Amino acid sequence: MDFNDTPQEAEFRAKCRAWLEANAELKTKKTNSAKNMNIGNKSLLEAAAEWQKKKYDAGWAMIHWPKEFGGIGATPIERIIWAQEESKFNVPKGVYEIGLGMAGPVMMEYATDEQKERYLPPMAEGKEIWCQLFSEPSAGSDVAGLRSKAVQDGENWIVNGQKVWTSGAHFSDFGILVVRHDPGLEKHKGLTFFFVDMKSPGIEVKPIKQLTGGSSFNEVYFNDVVIPDSQRLGEIGDGWKVAITTLMNERLAVGDADGVDANEAFELAKKHDKGGEQLIDNNAVRESIADWYCEASGLKNTKLRTMSADIVLSFVFLSPDASQYQSAIDSLTALLSMSCSPPLSCFFASSKASLASTPSASPTASLSFIRVVIATFHPSPISPSLCESGITTSLK
């Protein structure tokens, strides 16, 4: 995939760079990774709040948000360009990403107008911090396998259970939460989605001490926590659908990692020795660096596939009415079918038929599904030119 800037993208990058140079300090060397992981100290929270407010006042706080919610409606590539340029400066990270990249978009999709007006502005300005309450000890990465329970009691829900590996829960004001309301249903169908005040009675947060010395992750316990039904996002039983919307936003919101990389470790190993032996000549060291490089490359290419998916979807979103929208879906499935192996071609064909035969399927739900398909199954990133020729033709 060609990631060279177009003239318009180069102009946008220069604009980002100019503002950052005027308002932040350029990195001169990598900061300590352990320091970056310890995002719970007060000084960093204060610095993050100041930086977020500065970006908010200048219009850079949430560029990917729609204009009606205070953003600039940036394209996926513009969002990535901003992130690339911001990463070159010594600015605080790890505090507002979940709110702006995950909680905000899901609130835009499912919250009431009153809730959007109440929660989105302080989220963008840095006045309130959000966390994500998905993972559980017994479920691992299988969100649908979670066991935390929600029992309806009139206009409220009573929640009991445990979440784990929750980033920033110890300093968050609110969290997005998926729980099981009906254990008798299939695991994907018995889930419901809420947002919750992290100061609610019955919520206990226990930071997890890491080897780095930091405590950025937490265990979160729910003991008879009362959540109003008005804080439910989506219908009862729609928890899986809402969670998928959230997770698709997560791919671009928190997909990067800071700290020393494999190339720096390689250079370090060439310059240092232990017991008279140069580190780079030690088989164990070489193997560790090779593993590190492979894992980092996998993360990088996974994100590139996600970028490809969002570029495709940015073209599909140009479609203003249902007939053009379905035409775009047809073109997309044809494009993917031609560029994938025969089994996946059959999969895409059946998926298109399924979408076409489901009148109730909303464009948002269908697009979320397509994003999953592209990012998960497509063997390599798709070039923007191929996307444009294959997709936008149907929109003309």
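Parameters and conventions
- Along each chain, residues carry numbers from 1 onward, in the same order as the chain's sequence is written.
- Given that this is a predicted model, residues contribute local features only at a pLDDT of at least 70 and side-chain atom pairs are listed and counted only at 80 or more, while totals for whole chains, interfaces and linings are drawn from all residues.
- As a rule here, side-chain values come from all non-hydrogen atoms in the structure, and water together with hydrogens is ignored.
- By definition, any uninterrupted DSSP run of H or I lasting at least four residues is a helix, any uninterrupted run of E lasting at least two residues is a strand, and each is numbered from the N terminus.
- Buried means the residue's accessible area, taken with a 1.4 Å probe over protein chains only, is under 20% of the maximum for its type, while exposed means over 50%, and partly exposed covers the values in between.
- Contacts are assigned to residue pairs that have any heavy atoms within 4.5 Å of one another.
- Each accessible area is a Shrake-Rupley estimate made with a 1.4 Å probe; only the visible protein chains count as cover when residues are assessed.
- Lines fitted to the C-alpha atoms define the axes, with helices restricted to the stretch that makes contact. Angles between their N-to-C directions range from 0 to 180 degrees.
- Angle categories are assigned with fixed cut-offs, so that under 35 degrees is roughly parallel, over 145 is roughly antiparallel, 65 to 115 is roughly perpendicular, and the rest are oblique.
- Less than a right angle of anticlockwise turn of the near helix away from the far helix marks a crossing as left-handed, whereas a clockwise turn marks it as right-handed.
- Ring geometry is summarised as follows: Phe, Tyr and Trp rings, the Trp one being its six-membered ring, pair when their centres sit within 6.5 Å, and such pairs are stacked at plane angles under 30 degrees, edge-to-face over 60 and tilted between the two.
- The working definition used for a salt bridge is a side-chain nitrogen of Lys or Arg within 4 Å of a carboxyl oxygen of Asp or Glu.
- Multiplying 1.5 Å by the helix residue count minus one yields the expected span of that helix.
- The reported arc concerns the directions from the helix axis to the C-beta atoms and nothing else.
- Here, the term nonpolar core denotes a set of buried Ala, Val, Leu, Ile, Met, Phe, Trp, Tyr and Cys residues that are joined through side-chain atoms within 4.5 Å.

Student: Sorry, what's going on with the overall build of the protein chain here?
Tutor: In terms of helices and strands, the protein chain carries 13 helices and nine strands. Here the protein chain holds 396 residues, and the buried ones make up 43% of them. When contacts within the protein chain are restricted to residue pairs at least 6 apart in sequence, those whose partners lie at least 24 apart make up 72%. Roughly 20,100 Å² of accessible area belongs to the protein chain as shown, and the carbon and sulfur atoms make up 54% of that amount.

Student: Can you walk me through the packing of helix H5 (residues 97-110) against helix H6 (residues 113-125) in this structure?
Tutor: When two helices pack together, their arrangement is given by the angle between the helix axes and the distance between those axes. Two elements in contact, H5 and H6, have axes whose closest approach is 10 Å; the angle formed by their N-to-C orientations is 165°. One element, H5, and the other, H6, form an angle in the roughly antiparallel class. Classified by chirality, the crossing of H6 by H5 is left-handed. Note on element contacts: H6 touches H5 through Gln115, Lys116, Tyr119, Leu120, Met123 and Ala124, opposite Gly99, Leu100, Ala103, Gly104, Met107 and Met108.

Student: I would appreciate a short explanation of the packing of aromatic side chains in the present structure.
Tutor: When we look at a pair of aromatic rings, we describe it by the centre distance and by the angle of the planes. This model, assessed by the stated rule, comprises 13 aromatic pairs. Measuring from centroid to centroid gives 5.0 Å for Tyr119 and Phe195, while their planes differ by 70°, and the two rings are edge-to-face. In this pair, Tyr119 sits in helix H6 while Phe195 sits in strand S5 (residues 191-197), placing the two residues 76 residues apart along the sequence. An angle of 45° between the planes, with centres 6.1 Å apart, marks the rings of Trp130 and Phe195 as tilted. Of this pair, Trp130 sits in strand S1 (residues 130-133) while Phe195 sits in strand S5, and the two are 65 residues apart along the sequence. Accessibility expressed as a relative area gives 1% for Phe195, which makes it buried. Three or more aromatic residues link up through ring pairs in this structure, and these residues are Phe12, Trp19, Trp51, Trp60 and Trp82.

Student: Sorry if this is basic, but what is going on with the environment of Ile63 here?
Tutor: Structurally, the position occupied by Ile63 is in the loop between helix H3 (42-58) and helix H4 (76-86). As for Ile63 and Glu78, which are separated by 15 residues in sequence, their C-alpha atoms are 8.4 Å apart. If near-sequence neighbours (up to four positions away) are discounted, Ile63 is found in contact with Phe12, Gly71, Ile72, Gly73, Ala74, Glu78, Arg79 and Trp82.

Student: What am I meant to see in the pattern of salt bridges here?
Tutor: Should their charged atoms come close, side chains of opposite charge can pair. Enumeration according to the criterion identifies 17 salt bridges in this entry. Across the pair Arg232 and Asp229 runs a salt bridge whose closest N-O atoms are separated by 2.9 Å. Its relative accessible area of 18% is what places Arg232 among the buried residues. Using a relative accessible area of 15% as the deciding quantity, one classes Asp229 as buried. Taken together, the salt bridges that share partners define one network made up of Asp5, Arg13, Arg17, Glu21, Glu85 and Lys88.

Student: Sorry if this is basic, but what is going on with H4 here?
Tutor: For an α-helix the count is 3.6 residues per turn, leaving residues at separations of three or four pointing the same way. Within H4, eight of the eleven residues are buried, which leaves it mostly tucked inside the rest of the structure. Burial in H4 covers these residues: Pro76, Ile77, Arg79, Ile80, Ile81, Trp82, Glu85 and Glu86.

Student: Where do I start with unusual backbone geometry in this structure?
Tutor: Phi is mostly negative for residues that are not glycine, and the peptide bonds are mostly trans. Even without being glycine, Trp165 reaches a positive phi, approximately 60°. Position of Trp165 relative to the elements: it lies in the loop between strand S3 (156-163) and strand S4 (174-180). With a phi close to 55°, Asp224 is a non-glycine residue in the positive phi region. Structurally, Asp224 can be placed in strand S7 (residues 217-228). For Asp224, a relative accessible area of 52% translates into the label exposed.

Student: What's the story with helix H1 (residues 7-23) in this structure? I'm lost.
Tutor: Compared with the 24 Å implied by 1.5 Å per residue over 17 residues, the 25 Å span of H1 between its first and last C-alpha is a close match. Residues of H1 that are buried include every one of Glu9, Phe12, Arg13, Cys16, Trp19 and Leu20, and no others. Viewed end-on, H1 has its buried residues packed into an arc of 130°, placing them on one side of the element. Turned more than 90 degrees from where H1 packs its buried face, Pro7, Glu11, Lys15 and Ala22 sit exposed.

Student: Explanation requested: the nonpolar core in the structure shown.
Tutor: Core analysis: the biggest nonpolar cluster contains 34 residues, and Trp65, Met107, Trp130 and Phe193 have the highest contact counts within it. Elements that contribute at least two residues to this core include exactly H5, H6, S4, S5 and helix H7 (239-253). Not counting residues up to four positions away in its chain, the partners in contact with Phe193 are Phe134, Ile176, Leu177, Val178, Gln231, Arg232, Leu233, Gly239, Val242, Ala243 and Thr246.

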